[in-house]
Amino acid sequence: EIKPDGGQIPGKQHSLSKDYFDRIESLQYAIANDDGQRNLNLEKADIIFFGVSRTSKTPTSIYLANQGYKVANIPFVLNQSLNLNDISKRTLVIGLFASPERLQQIRTSRLQSLKENRSTNYIDIEVLKKEIEEAKKICARNKWSTIDVTKKSIEEIAATALEYLKIFKSKELHNDE
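Cut-offs applied
Residues numbered from 1 in each chain as written. Predicted model: local features only at pLDDT ≥ 70, side-chain atom pairs only at ≥ 80, totals over all residues. Heavy atoms only, no water. Helix = DSSP H or I, 4+ residues; strand = E, 2+ residues; numbered from the N terminus. Buried < 20%, exposed > 50% of the residue type's maximum accessible area, 1.4 Å probe, protein only. Pairing = 2+ DSSP bridges. Right-handed = clockwise from strand over helix to strand, strands pointing away. Expected span 1.5 Å × (residues − 1). Arc of directions from axis to C-beta. Phe/Tyr/Trp six-rings, centres within 6.5 Å; stacked < 30°, edge-to-face > 60°. Lys NZ or Arg CZ within 6 Å of the ring centre and 35° of its normal.

> Can you break down the overall build of the chain residue by residue, with the values?
Looking only at helices and strands, the chain features 5 helices and 4 strands. When the helices and strands of the chain are placed in sequence order, the string is α-β-α-β-β-α-α-β-α. When burial is assessed residue by residue, the chain has 33% of its 177 residues classed as buried.

> Could you give an account of the pairing of strand β1 (residues 47–51), naming the residues involved and the relevant values?
Note on strand geometry: in a regular strand, side chains alternate between the two faces of the sheet. Summarising burial for β1: 5 of the 5 residues are buried, a large majority. Judged by which residues are buried, β1 turns out to be covered on both faces: I47, F49 and G51 on one side and I48 and F50 on the other are all buried. Pairing analysis gives 5 bridges linking β1 to strand β2 (residues 71–75), with the strands arranged parallel. Paired with F49 across the bridge in β2 is N73. Handedness of the crossover joining β1 and β2 through helix α2 (residues 57–65): right-handed.

> Tell me about unusual backbone geometry, residues and numbers included.
For N79, which is not glycine, the phi dihedral falls at a positive 60°. Mapped onto the elements of the fold, N79 is located in the loop between β2 and β3 (92–97). You will see that K143, though not glycine, has its phi angle at about 55°, which is positive. Of note, K143 is situated in the loop between α4 (125–141) and β4 (145–148).

> Tell me about α4, and name the residues and values.
Because an α-helix packs 3.6 residues into every turn, residues spaced three or four apart end up facing the same way. The end-to-end C-alpha distance of α4, which contains 17 residues, comes to 24 Å, matching closely the 24 Å that a straight helix rising 1.5 Å per residue would cover. Those residues of α4 lying buried are V127, L128, E131, I132, A135, I138 and C139. Angular distribution of buried residues about the axis of α4 spans 135°; they occupy a single face of the element. Along α4, the residues that are exposed and aim more than 90 degrees away from the buried face are E126, A140 and R141. In the stretch just after α4, K143 is the one whose phi turns positive, near 55°.

> Summarise the packing of aromatic side chains; cite the residues concerned and give the values.
Scanning the model with the defined rule gives 3 aromatic pairs in all. Centroid distance Y20 to F21: 5.4 Å. Interplanar angle 80°. Geometry classified as edge-to-face. With 5.4 Å between their ring centres and 65° between their planes, F50 and W144 make a pair best called edge-to-face. Of this pair, F50 sits in strand β1 while W144 sits in the loop between α4 and β4; the two residues are 94 residues apart in sequence, bridging distant segments of the chain. Residue classification places F50 among the buried residues on the basis of a relative accessible area of 1%. Over the ring of Y122 we find R107; its NZ or CZ atom is 4.6 Å from the centre of that ring. Taking NZ or CZ as reference, K136 lies 5.4 Å from the ring centre of F97, over its face.

Written out as structure tokens, the structure is:
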């Protein structure tokens, strides 16, 4: 006969601690601010990811949100006006990039999974090179950090982003003194 452990309470595998609610709030924030959808309260973000389509912005945002970080992400789309006025200098922005060849691979399989057969600029290598180049110029102009995600897992991108966050926060502390 198996007796339940007296210290355990059924259905209590997730104790409703402050940490739990912080993670839920961070997840809601990441979802609300995914792909530049709302860009509400960007000043609340710990990190904002910026980059072209298919550079792991969303999955990395969700991964970090699960750890309690508030992460927004803003897509760069060629020839589409971009309003970056809501981004505070006190918020870490990180540009995510991949090689044009890798992006082409990822985007091609994305289109196949969507059963999309029409010809599109979305996977044109010359367009991809231009997209990446323009997005990199924006990062350079704004002095944003960048991460090349070409050969990195979500976990590696997140770990690098958290290293950047640590450096960013320590610089901010020194600037406030």
